[in-house]
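# Fold and contact review
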2 protein chains.
Amino acid sequence: MIMTDRPTGFALALGLLLLAAAAPAASDEGIWPPDQLGALDWPALKERGLALGPADLWNDADGGLLRAVVNLEGCSAAFVSPDGLIASNHHCVYAAIQEHATAERNLIDLGYTAGSRAAELPAKNARVLVLERIEDVTSKVKAAADSAGADDLARTRAIERASKELVAACEQEPGYRCSVGSDWGGLRYRLHRSREIRDVRLVYAPPDGVGEYGGEVDNWMWPRHTGDFAFVRAYVAPDGRPAPFAAANVPYRPKRWFALSASGVRPGDLVLIAGYPGRTQRYLPAVAVERDLTWWYPRREEVFGDWIAILEAAAAANPETAVRVAGTVKSLANGHKNAEGMIAGITRNGVLPRRRAEEAELRAWIAADPARAARFAGVLDELDAVYTRERAMREKDFLLRLFPRTGVVPAAATTITRWTREQASPDLEREPGYQERDRARLLAALERGQQDLAPAAERQVLADLLRRALELPPDQRIVAVDRLLAPALEPGADRAAVVAAFTERIYAGTKLTDLASRVAMFGTSRRMLAAGGDPAIGLALALEPERLEMEARDKARDGALARLRPKHAELLIAWRGGRVYPDANGTLRVAFGTVRGYSPREAVTMAPQTTLAGLLAKHTGKAPFDAPAALVETAGRKDFGRWAQADLASVPVNFLSDSDTTGGNSGSPVLNGKGELVGLNFDRVFENVAGDYGWSPLYSRNVMVDVRFVLWMLDRVAGASPLLAELGIGPPAP
Amino acid sequence: MIMTDRPTGFALALGLLLLAAAAPAASDEGIWPPDQLGALDWPALKERGLALGPADLWNDADGGLLRAVVNLEGCSAAFVSPDGLIASNHHCVYAAIQEHATAERNLIDLGYTAGSRAAELPAKNARVLVLERIEDVTSKVKAAADSAGADDLARTRAIERASKELVAACEQEPGYRCSVGSDWGGLRYRLHRSREIRDVRLVYAPPDGVGEYGGEVDNWMWPRHTGDFAFVRAYVAPDGRPAPFAAANVPYRPKRWFALSASGVRPGDLVLIAGYPGRTQRYLPAVAVERDLTWWYPRREEVFGDWIAILEAAAAANPETAVRVAGTVKSLANGHKNAEGMIAGITRNGVLPRRRAEEAELRAWIAADPARAARFAGVLDELDAVYTRERAMREKDFLLRLFPRTGVVPAAATTITRWTREQASPDLEREPGYQERDRARLLAALERGQQDLAPAAERQVLADLLRRALELPPDQRIVAVDRLLAPALEPGADRAAVVAAFTERIYAGTKLTDLASRVAMFGTSRRMLAAGGDPAIGLALALEPERLEMEARDKARDGALARLRPKHAELLIAWRGGRVYPDANGTLRVAFGTVRGYSPREAVTMAPQTTLAGLLAKHTGKAPFDAPAALVETAGRKDFGRWAQADLASVPVNFLSDSDTTGGNSGSPVLNGKGELVGLNFDRVFENVAGDYGWSPLYSRNVMVDVRFVLWMLDRVAGASPLLAELGIGPPAP
């Protein structure tokens, strides 16, 4: 690991803490940053079949294998050839497939196999981030934070400012993308510098009937039979520097890439999963777990459930609407199922009572030693107080936060009003997310909105939000809504009718349903925007002061947490002893797991592997169980090539392990003990949704596509021999 | 078995066929009538743990154990004490519980434990049929059928007439209920004579949170944790004869009853299931399987799916409607899920290709022998032709048949118009189902309709049916609909609007939404009814001629089948050799099975037992997983009493076996090899829905409540010691 920043005394002390391996890792829990790998129990890992040492995975000299793990549009992915070939999930490159699909040649249904390099299809918006350096910037960020004094809002702003400065300096050289991530809510800050490859091309995608086999029905489910894999290639300018798509570009030559294992995995095998997990909540205080369990997820379940019903009713009445709202419904349904899974899982895993018991023990442990009592005095109470304070405005903030999610028009109005507002400030003083470096991303989002636009349907969702706002308690009123919908508050008023008329006026008058207008308004000045009188913009402007107040509340809370959470982390680390990993934060991590089944509930046992036989058994010929004819035919005559597993008498399709993963791990390479690719991670089981709050030996299972299914598809179904050759898979021995 | 009819030469030959045990039973397939039990492989059954012989189960001298198996409102049930105590399913006595539930004392939620005989609650409409005699009436019915000559419609009418005469003679003595059932579609006819007990009282019902635990979510599912049991008692007049409820009535003293086993079952144990299975389709020709798989179930799935959506939308808009349509939605949802399960299961089990292959073999086998060729010539082709002919009018008939199912009003209109029509004929000439003996049942149905009445919602269902009728092909038009909705057929007409206006007029004008009017119209004459001008009656009258034509088509088909199916059965019996059982037809049967789990699909293994631990794990406190506090508390502190199974370390709740069951087996007593009650059957697994078309060793699993859960509930939760004492369960040994 490259560390240009000299460790501070504090970081040194922390390092010692992290290395204080008091007890060997008792389980497969843990999402480990590369710089903590050395502290793991390598003899034990070796005994489980790991033939690599920590330096093989990550080192400062020649890099290490993990350099082959990249970030692809929020997914994880991996180089698998010296010519920049990248393996990831089908669902991670779906937009690229969609971009090239036409009515005549529907690549979504058909899949795509590039016959040559020239036939590889450019993916307009896809970006690959190749991590090159991780820099400890704790001292810089902490110094800035401390300079802010006691004001928690000022603390957050100072941390943001320091981060923006670090990022700006880091991105000065073109072709780089940088970010500052905090571990344990601010115990450490690290600057991640990645090469940003902007010419990404689709090499191979299976048909939708493979890549999304099982669709929403099987989403989060096991047993699974989804071939959720695809290949893209990274291209750079002939001089080796990242550049936009150009015919003259050449394949990027990564420093490291993974070899594919042709022999796959067996139950009990050790696997490593590397990638960019997004967010976990492993160290959340009980009061915050309680908030999530009893308020946050139930509220989401309720509101999303109602919105899904509204959109589905609109879809049932009109086939065109059905197409347009499909994506939104899918996203809401995912959030709804996630909320359900969280509530069920946090309950089943007993997270809340356990966290409460831990905190009681922790308090006793602190009190038992005067030095500890002095060092950690008040930290638990103060944390509790932060989360308790949140309650005062949470119903109001919940609705304000959801306003842009009610539809394409409110989302665009929010983005545009905020963007034009931030334009007035120098770049480094703008709100994160609204700097120059965000312009392309925001414009792309405004553009993408067009395909989801269904004004008559989303208007009803907005109306639902406004009706809820009218029912807020007296001390949490949204003043702007009360003003705009004053007639609804009069005694005896027909609230629903007033709200309906209001939203009808908004949608009748707004130009934001037109893509060109959205882009034009994004480019205009704040003054011109306000003068334009668009009613949706008017609504966003009216809500803005209260949304800004909410942001200030959020930032004040975050500032308090940035004060308290590092202390809380030190406390937990000191108390637990041994190896402790930080929560996921979107940065590179490794998890070590075992291929194993599970029992989701009494009387049910799940084996950890599925095969083509099970895939065929699910095939109905109707989506989402509509496997392509070539697959059905090839699997039907048991043309398994070299890819069958003898004891299963078929080609393995998906498998489970107890590796510690979360959202963002989609597309993660799954490695065997030799560091060879044996699969690609793409999902978790439903019982593991709540794993974000705590890894469970019983229920934490992630779902992967087996490399032998990938190779079988390329070899026996797609006949993609050049791709196989590039992957190092030659013709079978005679 | 009591046979008053002398076996004909034919029946004797058949008997020999049935006894020609060529091969030992290779599986647990088979739903055996009592008179075929002797032909089974008793040494093999003994080896599996059966300590009884065929005569222990059924004999003419002292009856046999199966005399304890009764019919309770279409369910199966069993005497479990010499004082007429009957065990069955909670869902089989649900109406009785509902009848006594009040807002203040909601017995559905609370359950009910009668503290004494006097506290047992009369169930107004419940009837218990105690089978006393099975009489072979083949020769009588066949003689009548043959006298009808070549006309298939006349043949059906002759069979109906002969059956009605047999039933009337059999029921001459008061207190009896009789029915004629045919085996193999007419190879044998048997008259079943049962004592009809009309004073049935509720003794014990668990709370809904036990008896219906899991509700619709777990319906057809495994693992299951439903305490679907209840106890009622049969009462008769002091002279021992059946009588309506009267305080002076005394408990009925059955000839036989089952002892309860306190030790339950283990995986691998032999079990016997006795009861009144309704209908199976084991010998259906391929052409009819194809009809069901590709047309009948898909059409039901589609239409019921749309109706559910209509009713759910209406329910979402209005809470009162929600309550009223709940039952109808539940019934449609059951039909919908059943159709889905049938399509999936018939496909998965490969019923159609196997049946086709069998028929090809069968044809070859017939052709290979001149005697066979002469005997069975044409039977397969003629059967095919019968089912092929059906297609000509099937879309029209499908809708005509569904008319009464569109709502309470169309159902009442259909019943009333038909009843008044049939009143004009002497009782024995009326349509079966509309004789004097059916009056009480029809009136009860008219009364029950009131709780499902939601005119604004069901009007839309009727509209859906009429819109479909307007889209029928030219050669299958419903003439009455075309006439009544002529404006909808004009070019450019807004069909939906015309249909909506028509149904609005019907519902605005009809008196059938009023219970008293329904009963009054049921009692009036045909002439008065027609003169009354009720628009819903008018619609039913308009449809009547075409519904009568449909009935004539049905009867002609049935007449043809009554000619062909016996020959087909002889063919199958001759070809298969060995033991062959007839399809279920609502008469007493026994199945022999093994307690065993299964694999519903690749990678999933189901154990055959669930316990209180799994019940508690499902408990969310929200319906349908809202177990009563007393249960949760008692199970939570592991107060298992004597009822735990050591290796499970808990009380077993439900279990699976591969016994051959179908609808009507609800409430069936499940016996161990000694003939002791070890459970009550209440459901099948989803994969076994299609078992009606063929028993499958892999997927045919029925779901039972374990007697130890029943006893644990009575002992540890309900504290029902008098009931336990009556069941022969004394206090535990000190």
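Residues numbered from 1 in each chain as written. Chains lettered and ligands numbered in written order. Predicted model: local features only at pLDDT ≥ 70, side-chain atom pairs only at ≥ 80, totals over all residues. Heavy atoms only, no water.

Inspection of every chain in the model, using the stated rule, returns 30 aromatic pairs over all chains. An angle of 70° between the planes, with centres 5.5 Å apart, marks the rings of tryptophan 32 of chain A and tyrosine 581 of chain A as edge-to-face. Placement of tryptophan 32 of chain A in the loop between helix H1 (9-19) and helix H2 (42-47) and of tyrosine 581 of chain A in the loop between helix H24 (535-576) and strand S13 (589-594) is noted, with a sequence separation of 549 residues between them. Here the two residues tryptophan 32 of chain A and tyrosine 581 of chain A agree in accessibility, since each one is buried. Ring plane angle 15° and centroid distance 4.8 Å describe the contact between tryptophan 419 of chain B and phenylalanine 522 of chain B, whose orientation is recorded as stacked. Residue tryptophan 419 of chain B is located in helix H16 (residues 408-423), and its partner phenylalanine 522 of chain B is located in helix H22 (residues 515-523); the two are separated by 103 residues in the primary sequence. Ring pairing ties together the aromatic residues Tyr204, Phe229, Phe231, Phe709 and Trp712 of chain A, which thus form one cluster. Positioned above the aromatic ring of tryptophan 365 of chain B, the side-chain terminus of arginine 372 of chain B is 3.8 Å from the ring centre. (Phe/Tyr/Trp six-rings, centres within 6.5 Å; stacked < 30°, edge-to-face > 60°. Helix = DSSP H or I, 4+ residues; strand = E, 2+ residues; numbered from the N terminus. Buried < 20%, exposed > 50% of the residue type's maximum accessible area, 1.4 Å probe, protein only. Lys NZ or Arg CZ within 6 Å of the ring centre and 35° of its normal.)

Okay, the relation of the copies chain B and chain A next. The two copies are related by a screw operation: chain B maps onto chain A through 180° of rotation and 0.1 Å of translation along the axis, at an RMSD of 0.1 Å. Interpreted geometrically, this transformation is the action of a two-fold axis. Residues of chain B ranked by C-alpha distance from the rotation axis are headed by threonine 605 of chain B, positioned 2.5 Å from it. When the interface residues of chain B are mapped onto chain A, 100% of them again fall at the interface, so both copies present the same face. (Least-squares fit on C-alpha atoms with pLDDT ≥ 70 in both. Contact = heavy atoms within 4.5 Å.)

A cis amide bond links tryptophan 222 of chain A with the next residue in sequence, proline 223 of chain A, at an omega value of 0°. Turning to its location among the elements, proline 223 of chain A is positioned in the loop between helix H9 (215-218) and strand S10 (230-236). Here alanine 623 of chain A and proline 624 of chain A are connected by a cis peptide whose omega angle stands at 5°. Looking at where proline 624 of chain A falls in the secondary structure, it is placed in the loop between helix H25 (612-618) and helix H26 (629-636). Here glutamate 73 of chain A, not a glycine, exhibits a phi torsion of approximately 55°, which is positive. Considering the arrangement of structural elements, one finds glutamate 73 of chain A in the loop between strand S1 (69-72) and strand S2 (75-79). Owing to a relative accessible area of 44%, glutamate 73 of chain A belongs among the partly exposed residues under this scheme. Although it is not a glycine, tryptophan 220 of chain B sits at a positive phi angle of roughly 70°.

Right, let's talk about the interface of chain B and chain A for a bit. Each partner contributes residues to the interface: chain B has 16 residues there, and chain A has 16 residues. For the pair chain B and chain A, the summed buried surface comes to about 1000 Å²; carbon and sulfur atoms form 52% of the total. Considering only the side of chain B, the residues that lose the most area to chain A are Pro223, Glu602 and Ala603 of chain B, jointly responsible for 51% of the buried surface there. The tally of links between chain B and chain A comes to zero salt bridges. Across the contact surface, chain B and chain A share nine residue pairs in polar contact (both at pLDDT 80 or more). Those elements giving two or more residues to the side of chain B that touches chain A turn out to be strand S14 (604-606), strand S15 (609-611) and helix H25 (612-618) of chain B. Of the residues in the side of chain B that touches chain A, the class split is eight nonpolar, six polar and two charged. Both strand S14 (residues 604-606) of chain A and S14 of chain B contribute to a ladder of three bridges, which runs antiparallel. Bridge assignment links valine 604 of chain A to a residue of S14 of chain B, and that residue is methionine 606 of chain B. (Buried area = accessible area lost by both parts, 1.4 Å probe. Salt bridge = Lys/Arg side-chain N within 4 Å of Asp/Glu carboxyl O. Polar contact = N/O pair within 3.5 Å; in protein donor to acceptor, adjacent residues only side chain to side chain. Nonpolar A, V, L, I, M, F, W, Y, C, P; charged D, E, K, R; others polar. Pairing = 2+ DSSP bridges.)

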